[in-house]
Structures are given as C-alpha cells and as structure tokens.
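So you can see what is in the structure, the chains are spelled out below.
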Amino acid sequence: MKYVSVHAILLMLLCLSSCIKDEKPNIEVDILEVLSTQEGILNVVYTSTNIDVYVDASVVDPSNIILSYIISEGATIIPNPADVHDYSTPRTFTVTSEDGEWEKSYQVRIFFKDLPTYFSFDNWYCPDNEKYMLPYDLDSDSQEPLYLWSCGNEPYSFLVGKHDDYTAFPTQPTIDVASGKNAAKLITKLTGDYYKPIAAGNLFIGQFDGTKFDPLESTQFGLPFMKKPLRLTGKYKYRSGGVTFHTKVEDRCRIQAILYKTDSEVTHLNGYTIKNSPNIVARAEMTDGGYDTPGEGYIDFDLEFIYTEEIDKKLLRTGGYNLSIIFSASRNGDIYDGAPGSVLLIDDVNIVCESDI
C-alpha cells in the first residue's frame, strides 16, 4: 500500500488555494448566444452591438416573445431577460463584466422578413474595434440596417496584423461601380503564413464565428429565405492575378448561390459542408466562366438555380430553408490556392424568385 506524506497534501492544498486566490475576475462582456424554445424563431444574426432575430410573422407576436441569453462567465445583464417579453420596438440590454469595470450594450431587434432580393453594395460600415469594412442593406419598410454579409477580413487581420486602412484588407468597398455609390471589391492577397499563404477576398451571406480556430468551420453560410429562387443575376468585373499558388493554373473567380434545408442538426453550412451537404436542394454557380472579363467595364452574369429536389412549400413559408450568396476573387481560395492580385468587383446583385415571374 502506498502512503502520501501529510506535508505533501498540505503543500498541494496551499498551491490550490494560491491559484484560486490569484484568479482574476472575468472582464468579458459578451452575449454569446440567444436561445428560444418558442415556435417561429427562425434565425439569429449577431454583430458587435446588434442582435437581429428573424421570426415567422404568421406565428410570432412581437409583444410576446420569450428569449434567453447566454453571456460571458460571471457577467450580469440588465434588464433581466426573463422580465422582457415585448419586443415590438428594439430592446437594449447591457452586459457588465464580472469585475464590474466593463460594460457593453446590445440592441435586440425583431425582423419579420427573410432576406431582401436586391443588393446594391452602396452602404458599408466598420465593425466595432475594427478597421475593415462590410456592406449592409436596408430594410425596405423601416430603413433599419440589415447586417447580412460577412467575409474573411477578420482572420486576415490575425494572420498579418492589424491595419489602420480598410483598403489593406482583401474585402473592401470601391467607387468603381456599375451603378450607385459603391461596389464590392475582392482582392487575393499574400499573408506570409506558410500554411495559409494567400487570403482570397470573399463575401458571403451569413456569419463569421471568430471563436472557432478553423476558418472553414468559422464560416456559417446562409440566412432564412422564404421564396423559391430561380436565378442569380448581377454585374461583375474580374482580373486574374495569374497562376495560382499551389496548383499552378490560371486563377478564376467564384460566383454562386446555394439554397439548403435546415433542421435540428444543420442550422448552417460551413466551409466543409457547403460543397456536398445532403441538405443542399439548389445551386446557382458560374461553372464555365470566372476568367478575365473583356474591356474595362462590368459585364452581366445570369445563373440559373439547378434543383435536386422539389421545394417543400410549407417548410419554405416557415423559414426552413437558408440561402447564401458567395463571391470570391479566387475560386479555390477556401483551400488557400489562388493568385495574389486577383481582383473581383461585384455590383447590382438580384435574386429572381418564382413570385417575380
């Protein structure tokens, strides 16, 4: 039988006590997740200071919504979400850190619509504490901002360091437009990282989860869409940067849209599942192009959605399908293969739906 010294036990207890005493209170002030067991809650979109909850208007009464919030460890939130049911107007919640020194306010908004069908890329904003820019859209009725688009600017800043100029990032606005004030400009750039040598400028409808280490897992493609899309149209301009980094072929751009079913196990598709998930029901993709466009101006693209199964109309009406539009300056940028200097400009994007015909 083995015996442990009493002195050793006391030493272990003292060390444990010291570690507990040295642990500092948490300073984080995040709303990590919004949850609800209520029927008709379709999706939740998080930005730095706004939380947009998309609901089924036929089911949900905005004056009687039950939401719960997961916040940073040790933090507190006011008002108490359990006491707030009326979201007829935007509600503000303030999270205070465990040490009491930091606080942050979030505005929670309810939206009864799915995605818009036209994207001008005229309006851009800087996320809090960042220098890069993202496009936003406007709700057709309230003119409230809709934060639908995400990109790889955040991981790029981790790879190469912070920049003070938005034009240093792979995804940015440009005044070289087909119409309006701005268009989206996507550039493939070198990173200096051995394993991730290039960062392709990209833009997609969905969210980027910065808490995940793997960029492919961090991309969460798609938001609720309640119409049957038939075509994806728009205008683009492309200049290849030349031969790709790994495969040594001429770089091409990517323009595509994907419609897929959601369920209890698949709430979003990510960089791994977006190519072959069995939940995908339709895809519109530029498969025979993506090379340099002629001349100096924009040209049109018009891509048909190819369906692999019939749409469940009841599921469509209740937000059971997500749609994502995806653009990239390098077709295989998701696997870090592209040509530095490839540039894709996108403007005037439209989703043509069955009800529009």
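Residues numbered from 1 in each chain as written. Predicted model: local features only at pLDDT ≥ 70, side-chain atom pairs only at ≥ 80, totals over all residues. Heavy atoms only, no water.

Overview of the overall build of the protein chain
For step 1, the next point in the chain: Helices and strands together make up the secondary structure of the protein chain, namely four helices and 26 strands.
For step 2, the next point in the chain: For the C-alpha atoms alone, the extent of the protein chain along its principal axes is close to 80 × 50 × 45 Å.
For step 3, the next point in the chain: For the protein chain, the exposed area adds up to about 18,300 Å²; of that, 53% sits on carbon and sulfur atoms.
For step 4, the next point in the chain: Seen as two clouds, the 30 positive and the 52 negative side-chain charges of the protein chain have centres 4 Å apart. (Helix = DSSP H or I, 4+ residues; strand = E, 2+ residues; numbered from the N terminus. Areas by Shrake-Rupley, 256 points an atom, 1.4 Å probe, with all protein chains shown as cover. Lys, Arg positive; Asp, Glu negative; His and termini not counted. Charge placed at Lys NZ, Arg CZ, Asp CG, Glu CD.)

Quick look at the pattern of salt bridges
For step 1, the next point in the chain: Applying the stated rule across the entire model yields nine salt bridges.
For step 2, the next point in the chain: Linking Arg-109 and Glu-144 is a salt bridge whose minimum nitrogen-to-oxygen distance equals 2.9 Å. With Arg-109 in strand β7 (residues 103-111) and Glu-144 in the loop between β10 (134-138) and β11 (145-146), the pair connects residues that are 35 residues apart, well separated along the chain.
For step 3, the next point in the chain: A relative accessible area of 4% places Arg-109 in the buried class.
For step 4, the next point in the chain: Between Lys-237 and Asp-176 there is a salt bridge, with the nearest N and O atoms lying 2.9 Å from each other. Placement of Lys-237 in strand β20 (residues 229-239) and of Asp-176 in the loop between β13 (171-174) and β14 (183-187) is noted, with a sequence separation of 61 residues between them.
For step 5, the next point in the chain: Connected through salt bridges with shared partners, the residues Asp-52, Arg-109 and Glu-144 form a single ionic network. (Salt bridge = Lys/Arg side-chain N within 4 Å of Asp/Glu carboxyl O. Buried < 20%, exposed > 50% of the residue type's maximum accessible area, 1.4 Å probe, protein only.)

Description of unusual backbone geometry
For step 1, the next point in the chain: At the junction of Ile-78 and Pro-79, the peptide bond is cis and its omega measures out at -5° in the coordinates.
For step 2, the next point in the chain: You will see that Lys-248, though not glycine, has its phi angle at about 60°, which is positive.
For step 3, the next point in the chain: Structurally, Lys-248 can be placed in the loop between β20 and β21 (254-261).
For step 4, the next point in the chain: What makes Lys-248 exposed here is its relative accessible area of 57%.
For step 5, the next point in the chain: The backbone phi angle of Asp-348 is positive, close to 50°, even though this residue is not glycine.
For step 6, the next point in the chain: By the secondary structure assignment, Asp-348 is in strand β26 (residues 343-353).

Thoughts on the state of the cysteines
Linking two cysteines covalently via their sulfur atoms produces the bond known as a disulfide.
For step 1, the next point in the chain: All told, the structure shown has zero disulfides when counted by the stated rule.
For step 2, the next point in the chain: Cys-151 supplies the cysteine sulfur nearest to Cys-126, a cysteine that is in no disulfide, at a spacing of 11 Å. (Disulfide = S-S within 2.5 Å.)

Some points on the nonpolar core
For step 1, the next point in the chain: Core analysis: the biggest nonpolar cluster contains 52 residues, and Phe-121, Leu-232, Phe-301, Ile-325, Phe-327 and Ile-346 have the highest contact counts within it.
For step 2, the next point in the chain: In terms of residue count, β26 provides more of this core than any other element does, five residues in total.
For step 3, the next point in the chain: Val-53, Ile-77, Val-84 and Phe-93 belong to the second largest nonpolar core, which has 21 residues in total. (Core = buried A, V, L, I, M, F, W, Y, C linked by side-chain atoms within 4.5 Å.)

Some thoughts on the sheet that holds β10
For step 1, the next point in the chain: Read across the open sheet, the three strands follow the order β9-β10-β11; overall the sheet is antiparallel. Two strands in the sheet have a free side with no partner beyond their single neighbour: β9 (123-125) and β11.
For step 2, the next point in the chain: Note that β9 and β10 share three bridges and pair antiparallel. Looking at β10, one finds that Asn-123 is bridged to Tyr-136. (Pairing = 2+ DSSP bridges.)

Section: the sheet that holds β7
Sheets are built from strands paired through backbone hydrogen bonds, the pairs being either parallel or antiparallel.
For step 1, the next point in the chain: An order of β2-β3-β7-β6-β5 is seen for the five strands of this open sheet, with the pairing classed as mixed. Looking at the sheet topology across the chains shown, the edges are occupied by β2 (41-46) and β5 (76-78). Neighbour-to-neighbour, the strand axes of the sheet open up by a mean angle of 25°, direction not taken into account.
For step 2, the next point in the chain: Here strand β3 (residues 50-55) runs beside β7; their pairing, made up of five bridges, is parallel. Looking at the pairing, Val-53 lines up with Ile-110 of β7. (Axes fitted to C-alpha atoms, helices over the stretch in contact; angles between N-to-C directions.)

Here we look at a nonpolar patch on the surface
For step 1, the next point in the chain: A cluster of nonpolar side chains, contributed by Leu-32, Leu-35 and Ile-70, occupies part of the molecular surface with about 240 Å² of accessible area.
For step 2, the next point in the chain: Note on placement: Ile-70 falls in strand β4 (residues 68-71).
For step 3, the next point in the chain: Look at Ile-70 and you get partly exposed, because its relative accessible area is 36%. (Patch = residues over 30% accessible without salt bridge, like charges linked within 9 Å, V, L, I, M, F, W, Y side chains within 5 Å.)

Details of the packing of aromatic side chains
For step 1, the next point in the chain: A complete count under the given rule lists 13 aromatic pairs for this structure.
For step 2, the next point in the chain: Both rings, one in Tyr-236 and one in Phe-301, keep their centres 6.0 Å apart while their planes meet at 65°; by these two values the pair is edge-to-face. In this pair, Tyr-236 is assigned in strand β20 and Phe-301 in strand β23 (residues 299-304), connecting sequence segments 65 residues apart.
For step 3, the next point in the chain: Its relative accessible area of 7% is what places Tyr-236 among the buried residues.
For step 4, the next point in the chain: Through pairs of rings, three or more aromatic residues link up here, namely Phe-119, Phe-121, Trp-149 and Phe-327.
For step 5, the next point in the chain: Positioned above the aromatic ring of Tyr-307 is the side chain of Lys-228, whose terminal nitrogen or guanidinium carbon lies 5.0 Å from the ring centre. (Phe/Tyr/Trp six-rings, centres within 6.5 Å; stacked < 30°, edge-to-face > 60°. Lys NZ or Arg CZ within 6 Å of the ring centre and 35° of its normal.)

Let's talk about the side chain of Ser-342
For step 1, the next point in the chain: Structurally, Ser-342 can be placed in the loop between β25 (321-328) and β26.
For step 2, the next point in the chain: Given a relative accessible area of 0%, Ser-342 falls into the buried group.
For step 3, the next point in the chain: Polar contacts involving the side chain of Ser-342 include one to the side chain of Asp-251, which spans 2.7 Å.
For step 4, the next point in the chain: Polar contacts involving the side chain of Ser-342 include one to the main-chain carbonyl oxygen of Ala-339, which spans 3.1 Å.
For step 5, the next point in the chain: For Ser-342, the contacting residues outside a window of four places in its chain are Leu-186, Ile-187, Thr-188, Tyr-238, Arg-239, Ser-240, Gly-241, Asp-251, Ala-329 and Ser-330. (Polar contact = N/O pair within 3.5 Å; in protein donor to acceptor, adjacent residues only side chain to side chain. Contact = heavy atoms within 4.5 Å.)

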